[in-house]
Amino acid sequence: MALTGALLPLVITALALLAYSRLTRPHPQGPKPLPIIGNVFDLTPKELWLTAFKWARTYGPITHIRIFNKCLVFLNTPKAVFDLLDKRRSVYSDKPHLVMAGELCGCENMVAFTSYGNRARRQRKLMQKAFGPAVITRYHELMQMESRPT
């Protein structure tokens, strides 16, 4: 029992240090977050783009904010978008693991919920063959027919 009492503070300290190290990793500039809640009060329910525009002028092409323990990154220029999402797509193109949508509802094989990897590349290749610019013209007649009023 005494060992458990001595071990508990050690475990709590280790978890706190782990959480702190995750929050203090180098990130792009952004408004200073409050402890625990982060930048919750910096977000606006309406016209968030105006706030993001102000941050872009203050902090540059990439702005970082924290909401509780989640990091959000705003890419404020086309160059920043291209550099991160196209040039380094293998680093930034994965999606969060959604247990409810994936495992519990059986949607883990759907394109929208597939994690980055070989399966996602195969799915994108098939989607490109079916709906890419080279073949989309084949669907024009069908789209016109389906969009006519009955």
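Look up a bit, the structure's there.
Residues numbered from 1 in each chain as written. Predicted model: local features only at pLDDT ≥ 70, side-chain atom pairs only at ≥ 80, totals over all residues. Heavy atoms only, no water.

> Explanation requested: the side chain of Thr 114 in the structure shown.
If you trace the backbone, Thr 114 turns up in the loop between α5 (99-104) and α6 (118-131). In this structure Thr 114 comes out as buried when scored by relative accessible area, which is 4%. From its side chain, Thr 114 meets the backbone oxygen of Met 110 in a polar contact 2.7 Å long. When residues no more than four places from it in sequence are discounted, the contact partners of Thr 114 are Lys 95, Glu 108, Asn 109, Arg 119, Ala 120 and Gln 123. (Helix = DSSP H or I, 4+ residues; strand = E, 2+ residues; numbered from the N terminus. Buried < 20%, exposed > 50% of the residue type's maximum accessible area, 1.4 Å probe, protein only. Polar contact = N/O pair within 3.5 Å; in protein donor to acceptor, adjacent residues only side chain to side chain. Contact = heavy atoms within 4.5 Å.)

> Honestly, the packing of aromatic side chains in this entry has me stumped. Any pointers?
To describe a pair of aromatic rings, one takes the distance between the centres and the angle between the planes. All told, the structure shown has two aromatic pairs when counted by the stated rule. Ring centres of Trp 55 and Phe 74 lie 5.4 Å apart, and the angle between their planes is 70°; this geometry places the pair in the edge-to-face category. In this pair, Trp 55 is assigned in helix α2 (residues 48-59) and Phe 74 in strand β2 (residues 70-75), connecting sequence segments 19 residues apart. By relative accessible area, which is 18% here, Phe 74 ends up buried. (Phe/Tyr/Trp six-rings, centres within 6.5 Å; stacked < 30°, edge-to-face > 60°.)

> What am I meant to see in the pattern of salt bridges here?
Once the charged atoms of two side chains with opposite charge are near each other, the side chains can pair. In the structure shown here, the tally under the stated rule is one salt bridge. The partner of Lys 79 in a salt bridge is Asp 83, and the shortest N-O contact between them spans 2.7 Å. Separated by four residues within a single helix, Lys 79 and Asp 83 lie in helix α3 (residues 78-87), roughly one turn from each other. Take Lys 79: its relative accessible area is 58%, and that puts it in the exposed class. (Salt bridge = Lys/Arg side-chain N within 4 Å of Asp/Glu carboxyl O.)

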